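Coordinate inspection notes
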Amino acid sequence: MAEQERVWFNPFLPGFFNDPYPHYKQLSEEHPVQDHPLGFWFLSRYDDVLALLRAGQSVEIRNISDVPPAHPGATLDSGPGAAALSASMLDRDPPDHTRLRALVTKVFTRRAISALEPRITELVDRALDEMAERGSSDLVEQLAFPLPFAVISEMLGLPPVDNARIRDLSGTLVRSLEPVADEETAQAIFSAAVELQTLTRDLVAWKRANPADDLLTALIAAEHEGQVLNEDELVSQVVLLYVAGHETTVNLIANGTLALLRNPDQHALLRQRPDLTANAVEEFLRYDSPVQQTRRIMISPHEAGGLQIPRGAFVIACLAAANRDEKVFGPDADKLRLDRKEARHHLSFGGGPHHCLGAALARLEGQIAIGRMVQRFPDLALDGEIEVNNRINLRGLNKLPIKVHATV
Ligand code: HEM
């Protein structure tokens, strides 16, 4: 097939934001490893994506906007605050990555996460009470956004802050994870990042004066104990936890609920079999991944699908496409099946050294939120038009109108 006739990754195709999966399917069937004319490589098959994530020493993680030509003239790697911007573990390689991740892992333990169960349950039940009272509500506003936002704020031990402003800023900041941005968007991202850092520096100063038994106090202590976590790094890890803590789980809860409501047989199955809740959450993560792609820069050549990706190449690994790979998930990979045994093999939390640090927390929040909602509201139903967020990477909903009848 001539190069120009080949199918290329193109998020601007009509209908992509409503349903990107037919496009991903075509890519992975016809052109799974692409040296894209826009200057990046694009991988859409499970094995290729997983191999890249695990490639370890041969890949480097850098901010996406370093890479021309998708961002002519726009870079987040210069200007005031740039050091702090790129100091999060997500954008670092060993030895910095290893050191930063170890510090956060020490306080982000499985035990600490399990201990949150009663509090998460309380927050969910309170939101469900309100939904019952109202009858009709927007699930994103009522539960999917506020739950993870409250949980990560409480874990960090933050005082009540200007939620609306922070939501706005982090919504802009995560646009840096999109594969394309124009100059104006890149500037907006940069300003949001600088403002979030300034807010976070103030919060750190406040926490130094008001230490408590929380994540932020523990991170500050790590800095104090001379474990070489400098101020920029501290601020960056807090921003990362804060943003990653809610910008992703909101999509798990909203996309998962939508998938359920569009598949009444699966909705009925979950109502009858609450024991399937944990597996159902894995299937929601697989079926409509809250983070659709991640990226790497090769520091040595890498083979994928029989092609040599050269040193210096910028590579997008499409987690969402990999999650629909029929070789791994079977011929019905495009179907939602809550009892799917292989569901947990999804790549929605990435893989290799950067595997999501918050996976256990996200799972717990998803299980409690969706599990309790489904059991409490047998008549949970869509109540109008949904609004998709039109993001290529952190795919989710701005609005999910639902209705319920008050029950117990
Ligand atoms: C990394 C997805 C929730 C904290 C990642 C990565 C993915 C991901 C794909 C790897 C990125 C890469 O390899 O380039 C998700 C999804 C979530 C979720 C789908 C919810 C459904 C959370 C939560 C937190 C969190 C709740 C923390 C409160 C992190 C951190 C990293 C990370 C700190 C960086 C790890 C590293 O670089 O070593 N996440 N995440 N995530 N996630 Fe999550």
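Treat the numbers as computed from the prediction; the structure is a model and nothing was measured. (Residues numbered from 1 in each chain as written. Predicted model: local features only at pLDDT ≥ 70, side-chain atom pairs only at ≥ 80, totals over all residues.)

Brief notes about the site of the ligand
Close to the ligand lie 23 residues; G245, T248, G350, C356 and G358 are nearest. For the shell around the ligand, the secondary-structure elements that each account for two or more residues are α12 (231-247), α13 (249-261) and α18 (359-376). In terms of residue count, the dominant contributor to the shell around the ligand is α12 (four residues). (Near = placed C-beta within 6 Å. Helix = DSSP H or I, 4+ residues; strand = E, 2+ residues; numbered from the N terminus.)

Concerning the sheet that holds strand β12 (residues 401-403)
Strand pairing in a sheet relies on backbone hydrogen bonds. The paired strands run either parallel or antiparallel. Taken together, three strands build an open sheet; the order of strands is β4-β12-β9 and the sheet is antiparallel. In this open sheet, the two strands that pair with only one neighbour each are β4 (136-138) and β9 (381-382). (Pairing = 2+ DSSP bridges.)

Some details on the packing of helix α6 (residues 117-134) against helix α8 (residues 146-156)
Interaxial distance between α6 and α8 falls to 10 Å at its minimum, and their mutual angle equals 145 degrees. Note that α6 runs across α8; the crossing there is right-handed. Contacts between α6 and α8 involve I120, L123, V124 and A127 on the former and, on the latter, P146, L147, A150 and V151. Looking at the contact of α6 with α8 residue by residue, the class counts come to eight nonpolar, no polar and no charged. (Axes fitted to C-alpha atoms, helices over the stretch in contact; angles between N-to-C directions. Left-handed = near helix turned anticlockwise from the far one by under 90°. Contact = placed C-beta atoms within 7 Å. Nonpolar A, V, L, I, M, F, W, Y, C, P; charged D, E, K, R; others polar.)

Points about the sheet that holds strand β2 (residues 41-43)
An order of β1-β2-β8-β5-β3 is seen for the five strands of this open sheet, with the pairing classed as mixed. Each having just a single partner strand, β1 (33-35) and β3 (59-60) make up the two edges of the open sheet. Where β1 meets β2, three bridges bridge the pair, whose relative direction is antiparallel. Of the residues in β2, the one forming a bridge with V33 is L43. Strand contacts of helix α2 (residues 46-53): β1, β2, β3, β5 (293-298) and β8 (314-318), with the helix running at about 125 degrees to β8, the strand carrying the most contacts.

A short note on the nonpolar core
Grouped together as the largest cluster of nonpolar side chains are 69 residues, with contacts concentrated most on A144, L147, V238, I253 and A254. Of all the elements, α12 adds the most residues to this core, at eight residues. Setting aside residues no more than four positions away along its own chain, I253 makes contact with L143, A144, L147, G366, A369 and I370. Core analysis: the second largest hydrophobic core is formed by 28 residues, F40, Y46, V59 and A320 among them. (Core = buried A, V, L, I, M, F, W, Y, C linked by C-beta atoms within 7 Å. Buried ≥ 20, exposed ≤ 12 C-beta atoms within 10 Å, placed from the backbone.)

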